[in-house]
Amino acid sequence: MQFYDEPIEFEPQPGVSAPVWHGRAASGGQLWNFTTAVFRADGRLAALWGSDERQRRGGFRLHVVFGLDMGHAWVSLDLPADHPVYPDLAGIFPAANRMQRAAYDMVGIASDGPDQRPWLRHGAWPADWYPLRHDTRHEAGVGVGFPNLPSDYDFVKVGGDGAHEIPVGPIHAGIIEPGHFRFSVVGEKVLRLEQRMGYLHKGVEKLFIGADIAAGARLVGRISGDSTCAYAWAYAGAVEAACSATPPPRALGLRALMVERERVANHLGDLGALGNDAALAFGLTQFMRLKEDWLRLNARLFGHRFMMDCIVPGGVAIDLDAQALDAVVEQCYALAPEVKALRTLYDEHAGLQDRFLTTGIISADLARELSLTGMAARATGVLLDGRAYRQGYTPPPPYAALGVRPATDDRGDVAARAAVRFDEIAESLRLIRELAVALPAGATRIEPAPVAGASGLGVVEGWRGEVLVGLSFDAAGKLARVHPHDPSWQTWPAVEHAVLNDIVPDFPLINKSFNLSYSGVDL
Amino acid sequence: MIPLLKRILRTGILTEPPPAPQPAAEIERLHDEILAILGRALTIREVDAGSCNGCELEIHALNNPYYNIEGRGIKFVASPRHADMLLVTGPVTKNMENALRIAYDCTPDPKLVVAAGDCACSGGVFGESYASCGRVDNVIAVDLTIPGCPPTPLALMQGILAAVRR
Ligand code: SF4
């Protein structure tokens, strides 16, 4: 089939994962035209990465995933080995900028755009060495001894009377992940923020190469610890699609139950931290108490406070008996009124609202322009949730049967993001209850057998937004390439916009209202 | 204000006794020792040198009312210059190697370094590579390791107390 009358032919991906179509662009021009058509149809850029296919196909490959109304379109474009260059898509979707630069750092395929600054490469490896290439120069183990050279980064300078820069990071003042923020300010007012990331780049994608399915699952669960369930499910979905394996219904129910528990845990933690950043320590204490209770039940029922390694390709590695399911339901009933009471307190606290309202605004137009997904998009009024029905889109099981009501708020500020989180906790508690009560009986796991040369894409609505994992197997049935994609790729640039015209002391609050991942984008 | 106070009263004090395997008397002795060594309190600078953020979530939990580590005189500070201890997580990425060394050099002597989490202890699933220096001890001298992926808040608390005792 075709989309938007563009000549690229698409095949639907088999399986029960979120709807995905695979297609091949015959030329860079075809890809560019298709990208434009997606943009015109209000679609978005979901992910972009490269792979070295020289041994199999004689060249490199660019992978671009688009979010369309009906699901995801995964377009690949073959690039010649001697000149792997493709048309710059950042002029259509600005979100492509950092992904394209990362694809160059990792695989050595380049866009023909103007911004060729490195993104993930600082000074740890030479500019003509590409970690994800497959040849003797790039074998595993090569590179351990490279000298770690200091590196400079070309920040955009802001001139004018009284303008100056405030550099922050990589190590931040709190207990948070490292990254660098360069503020250009006049007085207290922020004129510009530019982020520099890559500090947490630990070579995850290279570790996937040649790994088996189980080793890949352990690794994918450690890309971003706060989203371990979402990643594990996206990876499992990709493996299952590639292997044409269908996990049992009970496993799907348990996966959703875990991902919803992960969503609640993170929203609880962030709502507390938001209170704290606005000088209401009471909020932190209360929400941290609720979160701790929640995590303790995780430890009791799943054997791990964050449910790491519980979702595996083929199904789940745990099971809940009737008693455990009762405990889950009971906890939802206990938590709901507590959160509701705290919401009233937050809503009525003048000092808190003064800090939240009109701070860190993103408009719905900007959210669309930057291809935002998840909570950040919904807090601008963009009704996009992979768990919910929309025109032309059927959510994957078990969500299809649950009638998920996505939360939205069109104010776009910190208050909106807090409100969406409150609403999402309430909805997730309902979903968890329904999942627990109606959990199908039966097996919890099958063993998917790798299919040589096959590929798959998994998509999961995590608590931040859309988590994607694209992968392919090699001829021996080992993982040839795995690309995990965090929604923070798209949302980080939105933070650069959100702080404009706010004051520097509001930055921690704005940043926390998104709570984006560093590890998930640095890989 | 009144509903807020009511809720505080209703919540009461949740702080639990210090980590289980240590007898209460031992904890008392530890506290005395901490005070004797460090004056009134212990200050910690946390450094994420490559973590997946899982370890950070549990370090955050130390401040929740159940563990209430600040109530025991142990405080997380914003600058290594104010710190007695560096609590380091993650395999040390090459891109963080320099920043970690600077933080170490900025921490006044005598200082303690605790490596928290499997990654910090051994490199974990990430190991050593073109992008990762592996365990923390490969970059700065470590006094004590706390295994776990991530270590539970209880394990973290025991580790921190044990490090101070050395
Ligand atoms: S030890 Fe586990 S939780 Fe901690 S950083 Fe490593 S992978 Fe993440």
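Residues numbered from 1 in each chain as written. Chains lettered and ligands numbered in written order. Predicted model: local features only at pLDDT ≥ 70, side-chain atom pairs only at ≥ 80, totals over all residues. Heavy atoms only, no water.

All names here are of chain A. We note that the domain assignment places domain 1 (10-131) and domain 2 (203-245 + 454-485) within chain A. Its C-alpha centre places domain 1 at a distance of 18 Å from the equivalent point of domain 2. Taken together, the contact pairs 20 residues of domain 1 with 20 residues of domain 2. At the boundary of domain 1 with domain 2, total buried surface from both sides reaches about 1,500 Å², with 60% on carbon and sulfur atoms. On the domain 1 side of the interface with domain 2, the three residues burying the most area are Trp49, Arg56 and Trp74, jointly 27% of the side's total. The interface formed by domain 1 and domain 2 holds one salt bridge in total. The shortest N-O distance in the salt bridge between Glu466 and Arg44 comes to 2.9 Å. Across the domain 1-domain 2 interface, the total number found is seven residue pairs in polar contact (both at pLDDT 80 or more). If you list the elements that add at least two residues to the side of domain 1 that touches domain 2, you get strand 2 (20-25), strand 3 (44-53), strand 5 (71-80) and helix 3 (96-107). For the side of domain 1 that touches domain 2, the class distribution of residues is twelve nonpolar, six polar and two charged. (Domains from an automatic or database assignment. Contact = heavy atoms within 4.5 Å. Buried area = accessible area lost by both parts, 1.4 Å probe. Salt bridge = Lys/Arg side-chain N within 4 Å of Asp/Glu carboxyl O. Polar contact = N/O pair within 3.5 Å; in protein donor to acceptor, adjacent residues only side chain to side chain. Helix = DSSP H or I, 4+ residues; strand = E, 2+ residues; numbered from the N terminus. Nonpolar A, V, L, I, M, F, W, Y, C, P; charged D, E, K, R; others polar.)

The next thing to look at is the sheet that holds strand 5 of chain A. Residue and element names in this part refer to chain A. Strand order in the open sheet formed by five strands is 1-2-5-4-3, with mixed pairing between adjacent strands. The sheet terminates laterally at strand 1 (10-12) and strand 3, the two strands that pair on one side only. Taking each pair of neighbouring strands and ignoring which way they run, the sheet shows an average axis angle of 20°. Sheet analysis places strand 4 (residues 59-68) next to strand 5, joined by ten bridges and oriented antiparallel. Among the inter-strand pairings, Val65 is bridged to a residue of strand 5, identified as Trp74. (Pairing = 2+ DSSP bridges. Axes fitted to C-alpha atoms, helices over the stretch in contact; angles between N-to-C directions.)

Judged by nonpolar contacts, the single largest core of 163 residues is most densely connected at Phe66, Met258, Phe356 and Leu471 of chain A. Composition of this core by domain shows at least three residues from each of domain 1 (10-131) and domain 2 (203-245 + 454-485) of chain A. Each residue touching Met258 of chain A, except ones within four places of it in the same chain, is listed here: Cys229, Phe302, Met307, Cys310, Ile311, Val316 and Ile318 of chain A. Counting residues in hydrophobic clusters, the runner-up holds 23 residues, among them Val114, Ala116, Leu156 and Met157 of chain B. (Core = buried A, V, L, I, M, F, W, Y, C linked by side-chain atoms within 4.5 Å. Buried < 20%, exposed > 50% of the residue type's maximum accessible area, 1.4 Å probe, protein only.)

Here we come to the environment of Gly360 of chain A. Residue and element names in this part refer to chain A. Inspection of the secondary structure assignment puts Gly360 in the loop between helix 10 (350-356) and helix 11 (364-369). Given a relative accessible area of 0%, Gly360 falls into the buried group. Considered as a pair, Gly360 and Asp410 are 50 residues apart in the sequence and their alpha carbons are 13 Å apart. Contacts of Gly360, omitting those with residues within four sequence positions, involve Gly412, Asp413, Val414, Arg417, Ala498, Asp502 and Ile510.

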